[in-house]
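Letter by letter, the chains look like this.
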Amino acid sequence: MSLLSQLVTLWICSGPSLLLAWLVGRQLGLRVGIQMAEMLNCSRWGIPSKKGFFQEGDVIIGGLFNIHYVPPTRDYRFTQQPDNKPCTGLQSLPMQYIYAMMFALEEINNSSTLLPGVKLGHHIHDSCSLPAWALQAALSLVGGDMPSCDQPVPLIIGGCNSVTAQIVSRLLVPLSLPLVSYTASTPSLSDKQQFPNFFRTMASDVYQARAIAQLAIKFKWTWVGAVVANNDYGLIALKVFQEGIQRAGVCLAFVETLQRENIVSDARRAALAIQASTAKVILIVTWYTDVMELFLQLEKLNVTDRQFLASEAWSTSSDLRQSTFSHKVASGVLGVAIRSSTLPGFDTYIRNLNPSLRPNDHFLKEFWEKEFGCSPGIATASPFASLPPCNGTESLWAVNDLFTDTSQLRVTYNVYLAVYAAAHALHSLLSCPDVNSSPGRNITCSFTNQIKPIELMEQLSKVNVTTPQGEAFHFQGADITVKYDLVNWQSSPEGQAQLVLIGLVNGFDLHLNESAIQWSTGSSQVPVSICSEACPSGTRMATRKGEPICCFDCIPCADGEISNTTGSTQCVHCPSEFWSNAERTACIPRQLDFLSFNETLGITLTAVAVSGVTVTIAVFVVFLYYRQTPMVRANNSELSFLLLLSIKLCFLCSLVFIGRPSAWSCRFQQAAFGISFVLCVSCLQMKTIVVLAAFRSARPGAEALMRWFGPGQQRGSVCFFTSIQIGTCV
């Protein structure tokens, strides 16, 4: 016996005290306790009917289910016998799960093509919604806690939630014993480095969060609030949702977390956040009991106009859907759900169950006592021991509850798939021949009593089959092909909230029948959830400082810029020959306003300019004719001629400003007027300086002053000032 097997045997058969004593003895080099453990009769968990339901077979499949939800009040951390008091609070839906497992096993045992000649049995334990109980039950199954201690299970179907699945999987890793979960969905379980023995028929939470993100993007909900569970389930889903929306312009208005221990205060805080926010679409990722408290708080605040997006944990909850406050605050819920399926014959199988036909089935006996208020007369421990005996007319055909409702099998179908995955892996491991290759012959598998879990685990990873329902099934690492239902809460004509299938999720593909959706408004009009209205044409978006990009102001485009689409992030410049219209939505040809020679003002300006040029030319001719006279010579004839020329050019430049403008005229009119004006002013300046110098030269000792203002200096100064203006114009 290996060391690990010895440890398991000690724990199961003798309890933690002897296990601790053996560990101490081993540290001292003493092999005490092993022989004692092997001699024990594996009685720690009592008889199978007390803590589990056992069915003999060539191969035993283990099962862990949360059949009860109220743990015993006694603290078992300091006792070796946790079976002194039973777990209570029988749950109807997990009951359906265990009979789905039995139904699948019976189908396989009756099949001539799958595991021919091999009978599959089962050993089902109740983990009582506690990871510690699931851990002990798993140890019991591994150690062979059955009528024969030599028949441990090679595979366990269980792990009712992610926490339990992680704990049990880590426990089974040293044994390489596969664990197939039907509800564990945390993404971390996909890591084959940490959980090499883990498989699941439930999709990872990553995919449902991505599907919800696709819904938000599809319906252009850019302002979404989020309320999530304060654990891996909620926080990982929120992270994946954010990654899916961050590049699509969708923002989170707020994020509130719910803690199970403080659910009332947390739900109240979240309800106030929903009421205060302008977001009309709210994502909720948490357990349905938390959602029930949240909806109760929303009803108190009279918040009834929100559109809720539901995770699979509460989207199909009938208790939540049928509650009065949910009908008031949560109509039109749109959610992701575990894919549903039907199992032909399963409804008849469930309704034909009777404890008189299953004397060892204490789970069914307890359900019978709870449902019919009578005892079927089977001698097992029961919380309903004082009930009167049943008269034999009781039947599940008259019962309508979660146990007998087989219209939409979700987790139940996951359990069914897990059993078939295990069966096909065993089929390959036992070298069962293909029945199609030997028609008409009685064939059996090469069965041996020793099945190594590590070999079964290897075959499980290679499973690629088609179920009796025609569904292709295979594992991708630990996961299966992702399939979800998209469901919608709709009001029936009788006023009852019903669950309607409106789409499917297949991997990353979303298939949605939008016309079938009934929104929270009660109509087919898609709700609007935005922080800021889209900017109209002629404006651009300007984000607000310190706020998400979904919240912005609309700024009108500047002159010469346009935006002709709704929600533009920037304005576009018009071409050089165009201008923006008044609405800043289109570029139009520039309107040319110019002074025409045909207008009154143009004619007047032309007449004045021509008159000025004529008078200037006349004066120029007179000065030129009398240039040798003392009066002209004394007036500095060179500067006078330059001054008259510049004045004439100034009059002529005004004519350039009249008429239709062109590229060359616009450039020429500015340069010509500037140069002419500077030439004129330079001449006037020099004439003024020369006159001033002439008067001052009459003073004693100032004769040398005129030498600085000779004709050459005058011409040079005028040319210097004019060249500066020419350079500027160039």
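Residues numbered from 1 in each chain as written. Predicted model: local features only at pLDDT ≥ 70, side-chain atom pairs only at ≥ 80, totals over all residues. Heavy atoms only, no water.

**Some remarks on the overall build of the chain**
Phase 1: Secondary structure assignment for the chain yields 22 helices and 25 strands.
Phase 2: Counting over 730 residues, the chain shows a buried share of 47%.
Phase 3: The long-range fraction of contacts in the chain, counting pairs at least 24 apart against all pairs at least 6 apart in sequence, stands at 66%.
Phase 4: As displayed, the chain has an accessible area near 35600 Å², and 57% of this comes from carbon and sulfur atoms. (Helix = DSSP H or I, 4+ residues; strand = E, 2+ residues; numbered from the N terminus. Buried < 20%, exposed > 50% of the residue type's maximum accessible area, 1.4 Å probe, protein only. Contact = heavy atoms within 4.5 Å. Areas by Shrake-Rupley, 256 points an atom, 1.4 Å probe, with all protein chains shown as cover.)

**As for the state of the cysteines**
Phase 1: The final tally for this structure, using the stated rule, is seven disulfides.
Phase 2: Paired by a disulfide, Cys531 and Cys551 hold their sulfur atoms 1.9 Å apart. Between Cys531 and Cys551, the S-S dihedral sits near 105°, and the bridge is therefore right-handed. Of this pair, Cys531 sits in the loop between β19 (509-512) and β20 (539-543) while Cys551 sits in the loop between β20 and β21 (552-556), and the two are 20 residues apart along the sequence.
Phase 3: A sulfur-sulfur separation of 2.1 Å characterises the disulfide bridge that pairs Cys535 with Cys554. (Disulfide = S-S within 2.5 Å.)

**Quick notes on the nonpolar core**
Phase 1: Tyr99 and Leu115 are the most contacted members of the largest nonpolar core, which totals 69 residues.
Phase 2: Residue contributions to this core peak at 14 residues, all from helix α16 (residues 411-429).
Phase 3: Setting aside its immediate chain neighbours within four residues, Tyr99 contacts Phe346, Tyr349, Ile350, Leu353, Arg358, Asp361, Phe363, Leu364 and Phe403.
Phase 4: Residues Val228, Leu238, Phe241 and Ile245 belong to the second largest nonpolar core, which totals 36 residues. (Core = buried A, V, L, I, M, F, W, Y, C linked by side-chain atoms within 4.5 Å.)

**With respect to the UniProt feature "transmembrane region" (unreviewed entry) in the chain**
Phase 1: Following the UniProt record, one finds the feature "transmembrane region" (unreviewed entry) at residues 601-626, 638-659 and 671-695.
Phase 2: The distance from the first to the last C-alpha atom of residues 601-626 is 38 Å, and the span holds 96% helix and 0% strand. (UniProt positions renumbered as here; feature names shortened; annotations may be inferred.)

**Topic: the sheet that holds strand β5 (residues 120-126)**
Phase 1: Reading across from one edge, β1-β5-β2-β6-β7-β8 is the order of the six strands in this open sheet, with mixed pairing throughout. Each edge of the open sheet is held by one strand with a lone partner, namely β1 (52-55) and β8 (198-200).
Phase 2: Examined bridge by bridge, strand β6 (residues 156-157) and strand β7 (residues 179-181) share two bridges and lie parallel to one another. For Ile157, the partnering residue across the bridge sits in β7 and is Val180.
Phase 3: Each of β1, β2 (59-65), β5 and β6 touches helix α5 (residues 92-109); the most contacted strand, β5, lies at about 175° to it. (Pairing = 2+ DSSP bridges. Axes fitted to C-alpha atoms, helices over the stretch in contact; angles between N-to-C directions.)

**Concerning the pairing of β19**
Phase 1: Taken together, the four bridges between strand β18 (residues 497-506) and β19 define a ladder with antiparallel strand orientation. Its bridge partner being in β19, Leu504 is matched across the sheet by His511.

**Points about the side chain of Ser181**
Phase 1: Along the polypeptide, Ser181 turns up in strand β7.
Phase 2: Of note is the side chain of Ser181, whose polar atom sits 2.6 Å from the backbone oxygen of Gly159.
Phase 3: Filtering out sequence-adjacent residues up to four positions away, Ser181 remains in contact with Gly158, Gly159, Phe198, Phe199, Arg200, Thr201 and Met202. (Polar contact = N/O pair within 3.5 Å; in protein donor to acceptor, adjacent residues only side chain to side chain.)

**Points about the packing of aromatic side chains**
Phase 1: Counting across every chain of the model gives 22 aromatic pairs.
Phase 2: When the centroid spacing of 4.9 Å and the interplanar angle of 45° are considered together, the rings of Tyr416 and Tyr420 count as tilted. Of this pair, Tyr416 and Tyr420 both sit in helix α16, separated by four residues, roughly a single helical turn. Each member of the pair, Tyr416 as well as Tyr420, carries the same accessibility label: buried.
Phase 3: Aromatic side chains Tyr625 and Tyr626 sit 4.8 Å apart centroid to centroid with 85° between the ring planes, which places their arrangement in the edge-to-face category. (Phe/Tyr/Trp six-rings, centres within 6.5 Å; stacked < 30°, edge-to-face > 60°.)

**Quick notes on the pattern of salt bridges**
Phase 1: Across all of its chains, the model carries 16 salt bridges by this definition.
Phase 2: Arg358 is the salt-bridge partner of Glu106, the closest N and O atoms lying 3.6 Å from each other. You can see Glu106 sitting in helix α5 and its partner Arg358 sitting in the loop between α14 (346-351) and α15 (362-372), a full 252 residues away along the chain.
Phase 3: The salt bridge partner of Lys218 is Glu514, with a shortest N-O separation of 3.2 Å. Residue Lys218 is found in helix α8 (residues 205-218), and its partner Glu514 is found in the loop between β19 and β20; the two are separated by 296 residues along the sequence. (Salt bridge = Lys/Arg side-chain N within 4 Å of Asp/Glu carboxyl O.)

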